[in-house]
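Commentary on secondary and tertiary structure
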Amino acid sequence: MDELTLSDELAGAGGVATTDVAEYALWLGDDALILSQQLGWWISRAPELEEDVALGNIALDLIGHARSLLHYAGTASGRTEDDLAYWRTEPEFRSAWLFEQPNGDFGHTIARQLVASVYLFELYSRLRASSDATLAAIAEKSLKEVDYHRDHAVQWILRLAGGTDESRRRITVALADVWPYVDELFRDEPLIDRLEGVAVRPSTLRPAFDDVIVGVLSEAGLQTPAGFIASGGGRRGSHFTTMGYLLAELQVLARQHPGASW
Amino acid sequence: MTTPADLTAVTEPSPDERQFDDLIAADSRIEPRDWMPDAYRKTLVRQISQHAHSEIIGMQPEANWITRAPSLKRKAILMAKVQDEAGHGLYLYSAAQTLGTPRDEMTEALIAGKARYSSIFNYPTPTWADMGAIGWLVDGAAICNQVPLCRASYGPYGRAMVRICKEESFHQRQGFEILLELMRGTDAQRAMAQDAVDRWYWPALQMFGPPDDASPNSAQSMAWNIKRFSNDELRQRFVSMLVPQAEVLGVTLPDPKLRLDEETGQYEMSEIDWTEFNEVLAGRGPMNAQRLQRRRDAHEDGAWVREAAAEYARKQAAAREVAA
C-alpha cells in the first residue's frame, strides 16, 4: 500500500516540467490512466478469481504510472494530478485510441493488453535513458511492472490460441479488432522534434515491437492481423467515439462537487 | 436389556475421538490430516465457504465505485481493497478445500443460490460515502467477528484469518479516513457521510447474528473452539469501539436509546429489527437478485476462458508426456 503514495523522486520533487515535456508526460499519463480505468471495470467480473486479482494488479500499476506522470505534467501549469484527470475536457486529453478501445470480451481485453504492454515495455526501456531525470525515474520503476503485464498478456494469448476452437476463434477476432489502432502508437508528432533526448521517438520503437509480436503470434500459431489503419488523433485531442462516455463516468462525482477534497 | 458393558461400548470414545477431544481441550490446532468428527468438518466447510462467498460477493458493492472514485488516490486505494477481497476469497476457498470440498462445488452452490453469504452485501451503495461506511462499519464489524477466528481450532482457517485480519484492519482505517475527509468537507459531503452511516449502522450490528438466546449453532461452535465469543458479546465490543470513533468523526449513530450503563459497563441500545434481517436473509433484500446475477454472469461469460485454460494445460501436459 505504501506504493500508493507517490515517492518524492517520482513526484518530481524539485523538477518542474517545461510546456513541451508536460505535453509529452500527458501522452504517457493519459494512456496509463485510460487503460487503468478500463481494466478497473473487470475487478469483480473476471473469468476467474485469479484474474480479478491479476487485472486489478495491472490496473493498480497503471494508475500509479498515471499519477506520477500527471503530477509531473501538472508542474508546468500549477495543476494537480486530479485537476488533470477530472477537470480536463475530452479534447484536452492526449491518449491514443488503442487505450480507448472498449474492454469487449476477455479476448479483446487481452489483445489490447498484448499491444499495450509490448509497446509500453519498449517505450519505458528506452525512456530510462531520457535526459529528463523525472521521466527516466518513472520509466525505470514502470518498466518492471510493464514487464509483468507483458508476460500476463503473452501467457493468455498462448492459452486462448492453443485452448479450444472457440477460444482460438475469439482471440483471432479480438486481435483483428484491435490491430487498426496499433499504427497510431508509432507516429512521430511535431512535439517529438522539440524533445530530442527527452522523449522517445515513437517510430523508432516499431521494429522492436514487431519482432516481439511476430514471435508471440507465431508461437501461438496466429497470423499478424492485416486490415485498415485507423485515423487516430488522440495526441492532438481527437478521440475514439467511446471516449466521452469513459470520461463522463470517470469524472462524474468529482464534477458534482467543485472544490471539494476527498 | 442393556448391560452396563454395552453402554460403555456405545459411549466410550474411539482413540481418534479421544485424540481430537484432547487437542481441543488443550486448545491446540486440528490439521487437515487429523481425524475429526463429521459434524466438525461440516460446520467448518459451511462457515469457511460462507465466508469465502461473502468476500467474493462483497467485492460488488465497492466495485460499483471504482470507475467513479473522486480522486486518483482514492481510486487506487479502492481498487487495491476490492482486489484484496478477491485474494481473501482465494485463501478461504483453499482452506475449505483442505476439508475435501472442491472450489468448483462451492462456486456452483453460490451461483445456484444454494449457499449463504453475509447479508450485508445485499444492500446497495448509491453514494461515495458508502465506501467510507462500508470500511468503517462493515469491515469494523467483520474484524470484531474475525479476530477471534485467528485462534480457531482448525489450522488452515486460523492461519488464513491472521492474514485476512491484517488487511481488514487496514481497510477499516481507510473507511474511517474517507468519512473523516467527508465530514471535514462541504455541507453536501457531510450530509452524504451521515446518510451512509444512517443506512449501514443497523445492518452492521446485524452482522453479529441473532441474539445469543436465538442462535442455534453457537454453543457447539464454541465448544469446538471455532467460535470464541457469543454474538451479543461481540456486538457490545463493536459498539463500544464505535462510540468514541463516531465522536471523532462528528457523525451521529442512529440509535436514540444508545447509552453507556456506567454500572455494568455495557451499552444499552434499541431493539434490532430482526424482521428486516430475516427478509434479507430469505433473499428479499434490496440487492440479493442483482448480486447473484452479477456473479452468475461473470461465471458464464468467463466459461470459455476457463475451458481454454484447462484445455491448453491438458495439451501441454500431453506434449510433455510424449517428449519424455
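Calculation rules
- Residues numbered from 1 in each chain as written.
- Chains lettered and ligands numbered in written order.
- Predicted model: local features only at pLDDT ≥ 70, side-chain atom pairs only at ≥ 80, totals over all residues.
- Heavy atoms only, no water.
- Helix = DSSP H or I, 4+ residues; strand = E, 2+ residues; numbered from the N terminus.
- Expected span 1.5 Å × (residues − 1).
- Buried < 20%, exposed > 50% of the residue type's maximum accessible area, 1.4 Å probe, protein only.
- Arc of directions from axis to C-beta.
- Contact = heavy atoms within 4.5 Å.
- Phe/Tyr/Trp six-rings, centres within 6.5 Å; stacked < 30°, edge-to-face > 60°.
- Lys NZ or Arg CZ within 6 Å of the ring centre and 35° of its normal.
- Buried area = accessible area lost by both parts, 1.4 Å probe.
- Salt bridge = Lys/Arg side-chain N within 4 Å of Asp/Glu carboxyl O.
- Core = buried A, V, L, I, M, F, W, Y, C linked by side-chain atoms within 4.5 Å.
- pLDDT = per-residue confidence, 0-100.

Attention shifts here to helix α14 (residues 303-323) of chain B. With 21 residues, α14(B) should reach 30 Å at 1.5 Å per residue; the first-to-last C-alpha distance of 30 Å fits that figure. Where α14(B) is concerned, the buried positions are B:Trp304, B:Val305, B:Ala308, B:Ala309 and B:Tyr312. Within α14(B), the buried residues cover an arc of 135 degrees as seen down the axis, which keeps them to one side. Where α14(B) is buried, its residues touch α5 (106-127), α6 (133-162) and α7 (165-178) of chain A together with α13 (288-301) of chain B.

On to the environment of B:Glu307, then. Residue placement: B:Glu307 occurs in helix α14. Distance in space between the C-alpha atoms of B:Glu307 and B:Arg235 is 45 Å, their sequence separation being 72 residues.

Under the counting rule described, the total for this entry stands at 18 aromatic pairs over all chains. Here the aromatic rings of A:Trp41 and A:Trp42 are separated by 5.2 Å at their centres, their planes lie at 80 degrees, and the arrangement is edge-to-face. For A:Trp41, a relative accessible area of 34% corresponds to the partly exposed category. For A:Trp42, a relative accessible area of 6% translates into the label buried. Here the aromatic rings of A:Trp42 and A:Phe106 are separated by 6.0 Å at their centres, their planes lie at 90 degrees, and the arrangement is edge-to-face. Here A:Phe106 lies in helix α5 and A:Trp42 lies in the loop between α1 (19-40) and α2 (49-74), a separation of 64 residues in the sequence. With respect to class, A:Trp42 is no different from A:Phe106; both count as buried. Just above the ring of A:Trp156 sits the side chain of A:Arg159; from NZ or CZ to the centre is 4.4 Å. Over the aromatic face of B:Trp65 sits the side chain of B:Arg68, whose NZ or CZ is 3.7 Å from the ring centroid.

If you look at the interface, chain A gives 49 residues, while chain B gives 46 residues. For the pairing of chain A and chain B, the buried interface totals around 4200 Å² over both sides, and the portion due to carbon and sulfur atoms is 69%. Between the two partners, chain A and chain B, sit one salt bridge. Here A:Glu50 ties to B:Arg103 by a salt bridge, and the two come within 2.9 Å at their closest N and O atoms.

Soluble globular proteins tend to bury their nonpolar side chains together. Core analysis: the largest hydrophobic core is formed by 189 residues, its most contacted members being A:Tyr24, A:Phe99, A:Leu114, A:Ile157, A:Ile171, B:Trp128 and B:Trp136. With residues near it in sequence (within four places) discarded, A:Ile157 still touches A:Ile110, A:Leu114, A:Ile171, A:Leu175, A:Val216, A:Leu217, A:Ala220 and A:Leu222.

Turning to the confidence of the model for chain B, a few remarks are in order. Residue and element names in this part refer to chain B. With 96% of its residues at a pLDDT of at least 70, chain B reaches an overall mean of 92. When mean pLDDT is compared element by element in chain B, helix α4 (residues 59-63) scores highest at 98, while helix α1 (residues 4-11) scores lowest at 55. Listed scores for the predicted complex are pTM 0.93 and ipTM 0.95.

Take the pattern of salt bridges next. All names here are of chain A. For the structure shown, the criterion picks out 33 salt bridges over all chains. Here Asp 183 and Arg 206 are joined by a salt bridge, their closest N and O atoms 3.9 Å apart. In this pair, Asp 183 is assigned in the loop between α7 and α8 (190-193) and Arg 206 in helix α9 (residues 206-220), connecting sequence segments 23 residues apart. In this structure, a network of salt bridges that share partners links the residues Asp 105, Glu 166, Arg 169 and Arg 170.

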